[in-house]
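Spelled out from the first residue to the last, the chains are:
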Amino acid sequence: MLRTHNAQSLNLNNKGQKVTVAGWVDRRRDHGGLIFIDLRDRSGLLQIVFNPETNKEAHELAGTLRSEFCIQVTGVISPRPEGTINEKLPTGEIELLAESLKILNTSETPPFYINEEVDVDENLRLKYRYLDMRRPTLKNNLIFRHKVVHLMRTFLDSEDFLEVETPILTKSTPEGARDYLVPSRLHEGTFYALPQSPQQMKQLLMCGGLERYYQVAKCFRDEDTRADRQPEFTQLDIEMSFVEPEDVMGMIERMLLKIMDTLRPDAKYPRHFPRIQYSEAMSKYGSDKPDLRFKMYITDISDIVKDSEFGVFKNTVANGGTVKGVVLPGCAGYSRAEQQELVELTKTYGSKGMVPLAYTSEMASIEELTPETVKSVATKYLSVDQLKEIAVRMGANPGDLVCLIADREDKALEYCGRFRQDMGLKLGLADPNEFAFAFVVDFPLFKWDEEGNRWDAVHHLFTAPFEEDIPLITMENAGKARSQTYDIVLNGFEIGGGGIRIHNAELQEKVLEVMGYPKDIAEDRFGHLIEAFKYGAPPHGGIAMGIDRVVMLLCGADSIREVIAFPKNQSAQDLLFNAPSTVEKQQIKDLHIKLIDD
Ligand code: ASP
């Protein structure tokens, strides 16, 4: 090795010891004849002092050092002189008195500061990712990610799982996104698809009798990128035989507790993750991934206002819609302009509007409410009794702002849910040090796809229905069937999801039929799996967790790009390699493909 120690492993115990370190010049300061270098390696920083009296040549060479030069230094560890101790630095009590210096490599001036946590344009950071990685934030995120994945692996190993790799060049396995396709050179006119997940493979591993499988799996989905999406991402993919939903959830809970206890013992998190019915999550939080760090429940007041004089409410309910809302605690004092901003915010979700009711602090209690103490355009159309009833039902107190949305039930829930989430964060109701894990369970099996005019799977088409709901799998009743599913959610994010699978060929065929798959297409795409079910396939189920998202949330990063070594940018481009890029005409020809412009 070109070094005897990592920089940050050194401390006062090494006093008087001769050591060799290697790393990068983080910063250089020249002081009264002495040259000070902060040497950085992966472990951290160490101060090195070059004294012309110790070695004139080394001191002279040190004078030529610039940021990011890669160097090797040998010297003796010494306590720092009194008054120069840096308590903020783990090696702040010592310094290395250099005896020799070797420049291992010089460096051009980097395009951004590496030794300062200044904001740098993300595209520049992506282009020079290898320099960005020398900065503490990204470096620490990658170290944290390694620890999370390592804990996942050791935990699963201790629970008797086998790590099995599955192919990348395969056939489309649908998760509801567009496939990335790879044209075949050897078989003209045919394509491989990159897996959107190893879903069918892991089910086939269960058919193969492996019983417990996991994989740190790359998944590819060709969809528009968002803050927490990437065209390729990593899942902890898991499948188990002979299980019920509670077995899978229990295992995930044990694994996440192990990770939290080891890496975030400072944080607040539950020892038992609540199991919340999908229907309850939707009606209370307007979301299937509720942020449970704060209450702010959605409340329905349709019955209170259905006979009121307020046209918007009355007509919406008369037309089969609902009136729902949330309470913003302590916000009754918002100005008109501030209230209007909230209305505009709900419009960005697609809502037609929102009605704020300010229950002012001019009353001591809701009991004393008069029309003058509730400020709103709606006040004069609502009776005192209705205003009181709304407050009591919603749990609003004097000083609170009630925000109401009238719409079709699913839309009112969605808009209230998004509003709840945005306002909960904005009002500081969500403790950033709290990790409110929960499982959302029993999703519907299908949802109606209005555009495609057909039933679509809510999770995916391999998901098992509740036993007693199997007779509901018909064109007329499919919407009522529940599935044996569970999502693991954390602070408003879905961090994983899975379910018990169908393992019976007839039932799988029935689901495909209700979803409108023509027989030949179903046979072509899923025939291999259905056939496998005919050879004693065991009951099985599993889950997949988004590793990027889990790491992002646990280390407090604000995008998954911050926890991926070489992510794509928001336009799905790799700025370091400049991919995607054009290729030689011959390569395209070899693939039997023609570009439209050719
Ligand atoms: N394959 C599913 C997904 O990627 C997860 C699962 O059902 O296990 O969402």
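Residues numbered from 1 in each chain as written. Predicted model: local features only at pLDDT ≥ 70, side-chain atom pairs only at ≥ 80, totals over all residues. Heavy atoms only, no water.

(A) Region of interest: the nonpolar core. Within the largest apolar cluster, 70 residues are counted, with the highest numbers of intra-cluster contacts made by I238, I252, F437 and I488. Here this core takes ten residues from helix α6 (residues 245-263), the largest share from any one element. Counting 25 residues, the second-largest nonpolar core is a separate cluster that includes F313, V374, A391 and L404. (Core = buried A, V, L, I, M, F, W, Y, C linked by side-chain atoms within 4.5 Å. Buried < 20%, exposed > 50% of the residue type's maximum accessible area, 1.4 Å probe, protein only. Helix = DSSP H or I, 4+ residues; strand = E, 2+ residues; numbered from the N terminus.)

(B) Spotlight on the site of the ligand. In the neighbourhood of the ligand, 13 residues make up the surrounding shell, with E175, Q199, K202, H459 and R501 lying closest. A distance of 2.7 Å separates a nitrogen atom of the ligand from a polar side-chain atom of Q199. Between the ligand and the protein, one listed contact pairs an oxygen atom with a side-chain N or O atom of Q235 at 2.8 Å. Compared with its free state, where it exposes 270 Å², the ligand has 93% of that area covered by protein. Looking at the shell around the ligand, the elements that each hand over two or more residues are α5 (199-207), β21 (493-500) and β22 (540-546). (Near = heavy atom within 4 Å. Polar contact = N/O pair within 3.5 Å; in protein donor to acceptor, adjacent residues only side chain to side chain. Areas by Shrake-Rupley, 256 points an atom, 1.4 Å probe, with all protein chains shown as cover.)

(C) Empty space enclosed by the protein, seen in detail. Taken as a whole and assessed by the stated rule, the structure comprises one cavity of 30 Å³ or more. Reported here for the largest cavity is a volume of approximately 40 Å³. What lines the largest cavity is L126, R129, F566, P567, D574, L575 and L576. Here the residues of the lining of the largest cavity sort into five nonpolar, no polar and two charged. (1 Å grid on protein atoms, 1.4 Å probe; cavity = no way out; pocket = protein on both sides within 12 Å on 5 of 7 lines; lining within 4 Å. Points joined across faces, edges and corners; volume = space filled by probe spheres on them. Nonpolar A, V, L, I, M, F, W, Y, C, P; charged D, E, K, R; others polar.)

(D) Region of interest: the sheet that holds strand β20 (residues 485-490). One open sheet accounts for eight strands, arranged β6-β9-β10-β22-β21-β20-β17-β11; its pairing is mixed. Every interior strand has two partners, whereas the edge strands, β6 (162-163) and β11 (275-277), have only one. Relative to β21, β20 runs antiparallel, the two sharing six bridges. The partner of L490 across the bridge, within β21, is F493. (Pairing = 2+ DSSP bridges.)

(E) Quick look at the sheet that holds strand β5 (residues 94-105). The five strands are arranged β1-β2-β3-β5-β4 in a closed barrel whose pairing can be described as mixed. Pairwise comparison of adjacent strand axes, ignoring direction, gives a mean angle of 55 degrees for this sheet. Bridging between strand β4 (residues 70-79) and β5 involves ten bridges; their strand directions are antiparallel. Residue pairing across strands places T74 opposite S100, the latter belonging to β5. (Axes fitted to C-alpha atoms, helices over the stretch in contact; angles between N-to-C directions.)

(F) Structural detail: the side chain of S197. For S197, the location among the structural elements is in the loop between β8 (191-193) and α5. Once residues lying within four places of it in the same chain are set aside, the contact partners of S197 are T173, E175, C219, R221 and Q235. (Contact = heavy atoms within 4.5 Å.)

(G) The side chain of R221, seen in detail. Here R221 is to be found in the loop between β9 (212-220) and β10 (232-241). At 4.1 Å, E175 is the nearest oppositely charged side chain to R221, a buried residue that forms no salt bridge. One polar contact links the side chain of R221 to the main-chain carbonyl oxygen of Q196, over a distance of 2.9 Å. Beyond its immediate sequence surroundings of up to four residues, R221 is in contact with E175, A177, R178, Y180, Q196, S197, P231, F233 and Q235. (Lys, Arg positive; Asp, Glu negative; His and termini not counted. Salt bridge = Lys/Arg side-chain N within 4 Å of Asp/Glu carboxyl O.)

(H) Structural view of the pattern of salt bridges. The tally for this structure, following the rule as stated, stands at 44 salt bridges. For R125, the salt bridge is made with E562, and the minimal N-O distance between the two is 2.9 Å. Taken together, the residues span a long stretch of sequence, with R125 in helix α2 (residues 122-127) and E562 in the loop between α15 (547-555) and α16 (585-590) at a distance of 437 residues. The exposure classification of R125 matches that of E562, with both residues buried. Here D524 and K171 are joined by a salt bridge, their closest N and O atoms 3.4 Å apart.

(I) Molecular detail of the pairing of β5. One ladder, built from two bridges, connects strand β3 (residues 44-50) with β5; its direction is parallel. When the bridges of β5 are listed, V49 appears paired with L97.

(J) Representation of the packing of helix α4 (residues 136-158) against α6 in the model. Following both chains from N to C, one finds α4 and α6 inclined at 135 degrees, their axes separated by 10 Å at the closest point. The angle between α4 and α6 places the two elements in the oblique class. Our pair here, α4 against α6, has a crossing hand that is right-handed. Of α6, the residues touching α4 (which contributes F144, K147, V148, L151, M152, F155 and L156) are M251, R254, M255, K258, I259, T262 and L263. (Parallel < 35°, antiparallel > 145°, perpendicular 65-115°, else oblique. Left-handed = near helix turned anticlockwise from the far one by under 90°.)

(K) Region of the structure containing the pairing of β10. With nine of ten residues buried, β10 lies mostly within the body of the structure. Relative to β10, β9 runs antiparallel, the two sharing nine bridges. Note that in β10 the partner of A217 across the bridge is Q235.

(L) Layout of the layout of surface pockets. Approximately 750 Å³ is the volume attributed to the second largest pocket. Taken together, 24 residues line the second largest pocket, and the ones lying closest to its centre are L181, P580, S581, T582 and V583. Looking at the lining of the second largest pocket, the elements with two or more residues in it are β7 (181-183) and α16. When grouped by side-chain class, the residues that make up the lining of the second largest pocket number 15 nonpolar, two polar and seven charged.

(M) Quick peek at the environment of L124. With respect to the helices and strands, L124 occurs in helix α2. For L124 and F112, which are twelve residues apart along the polypeptide, the C-alpha to C-alpha distance reads 8.4 Å. Once residues lying within four places of it in the same chain are set aside, the contact partners of L124 are P111 and F112.

(N) Focus on the packing of α4 against α15. Packing of α4 against α15 brings their axes to within 10 Å, and their N-to-C directions diverge by 120 degrees. Relative to α15, the element α4 is oriented oblique. For α4 against α15, the interelement crossing comes out right-handed. Contact with α4, carried on its side by N141, F144, R145, V148, V149 and M152, involves I547, D548, V551, L554 and C555 of α15 and no other residues of that element.

(O) Here's a closer look at a negative patch on the surface. A cluster of acidic side chains, namely E506, E509, E513, E523 and E531, defines a negative patch on the protein surface. Elements that contribute at least two residues to the negative patch include exactly α13 (505-514) and α14 (519-533). Broken down by element, the residue count for the negative patch peaks at three residues, all from α13. Note that E506 resides in helix α13. The exposure class assigned to E506 is exposed, which follows from its relative accessible area of 65%. (Patch = residues over 30% accessible without salt bridge, like charges linked within 9 Å, V, L, I, M, F, W, Y side chains within 5 Å. Charge placed at Lys NZ, Arg CZ, Asp CG, Glu CD.)

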